Amino acid sequence: MPTQSHIEEESKDDGSTRQKLVVEFSNGSLQQLRDLAEFFKIEGKDPYETINLAIGFLEKIKENSEKSKDAKVS
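The structure contained in this document is the topic of the report that follows. Predicted, not measured: the structure shown is a model, and the values here were computed from it. (Residues numbered from 1 in each chain as written. Predicted model: local features only at pLDDT ≥ 70, side-chain atom pairs only at ≥ 80, totals over all residues. Heavy atoms only, no water.)

A few words on helix α1 (residues 27-39). Look at α1: 18 Å from first C-alpha to last across 13 residues, which is about the 18 Å you get at 1.5 Å a residue. For α1, every residue scored as buried is listed here: S29, L33 and A37. Angularly, the buried residues of α1 cover 85° about the axis, an arc narrow enough to put them on a single face. Away from the buried face of α1 by more than 90 degrees, exposed residues N27 and F39 are located. K41 sits one or two positions beyond α1 and adopts a positive phi of about 55°. (Helix = DSSP H or I, 4+ residues; strand = E, 2+ residues; numbered from the N terminus. Expected span 1.5 Å × (residues − 1). Buried < 20%, exposed > 50% of the residue type's maximum accessible area, 1.4 Å probe, protein only. Arc of directions from axis to C-beta.)

Before going further, it helps to examine a nonpolar patch on the surface. On the surface, L36, F39, F40 and F57 cluster together into a nonpolar patch covering about 410 Å² of accessible area. Summarising the element assignment, F39 is placed in helix α1. (Patch = residues over 30% accessible without salt bridge, like charges linked within 9 Å, V, L, I, M, F, W, Y side chains within 5 Å. Areas by Shrake-Rupley, 256 points an atom, 1.4 Å probe, with all protein chains shown as cover. Salt bridge = Lys/Arg side-chain N within 4 Å of Asp/Glu carboxyl O.)

According to the stated counting rule, one finds 2 aromatic pairs in the structure shown. With centroids separated by 4.9 Å and ring planes inclined at 85°, the aromatic side chains of F39 and F40 adopt a geometry described as edge-to-face. Looking at F40, the relative accessible area reads 37%, which means it is partly exposed. (Phe/Tyr/Trp six-rings, centres within 6.5 Å; stacked < 30°, edge-to-face > 60°.)

All right, on to the packing of α1 against helix α2 (residues 47-73) then. Taken N-terminus to C-terminus, the directions of α1 and α2 make an angle of 70°; their axes are 8 Å apart at the nearest point. As judged from the angle between their axes, α1 and α2 are roughly perpendicular. Each of L30, L33, R34, L36 and A37 in α1 lies in contact with α2, whose residues at this interface are P47, T50 and I51. Partitioned by chemical class, the residues of the contact of α1 with α2 number 6 nonpolar, 1 polar and 1 charged. (Axes fitted to C-alpha atoms, helices over the stretch in contact; angles between N-to-C directions. Parallel < 35°, antiparallel > 145°, perpendicular 65-115°, else oblique. Contact = heavy atoms within 4.5 Å. Nonpolar A, V, L, I, M, F, W, Y, C, P; charged D, E, K, R; others polar.)

Quick look at the pattern of salt bridges now. Tallied over the entire structure, the rule returns 5 salt bridges. Close ionic contact of K20 with E8 constitutes a salt bridge, the shortest N to O distance being 3.9 Å. Taken together, the residues span a long stretch of sequence, with K20 in strand β2 (residues 17-25) and E8 in strand β1 (residues 3-11) at a distance of 12 residues. Among the residues examined, E8 registers a relative accessible area of 31% and is labelled partly exposed. We note a salt bridge from E66 to K62, for which the minimum N-O separation is 4.0 Å. With E66 and K62 both in helix α2 and 4 residues apart, the pair spans about one turn of that helix.

Dropping the structure here:
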């Protein structure tokens with residue numbers, strides 16, 4: 001899934017700053033995201049929602065891994 005990405009610093013009206021990740025997907029990568037959206041029955045085959053779902057899966061794996069480590073320590 002070839003992509004390009006970079007982090008940008010953005011100034012807000014109140015003078016604070018925040019960082020944001022800007023990601024560019026190639027046509028092939030974008031199609032992969034749409035195919036995954038269709039497989040997971042994401043409405044409108046929205047690539048953004050596919051990424052959100054993937055992050056949710058990764059968070060769940062992380063939580064389960066941490067629980068497993070805690071259980072071994074106890």
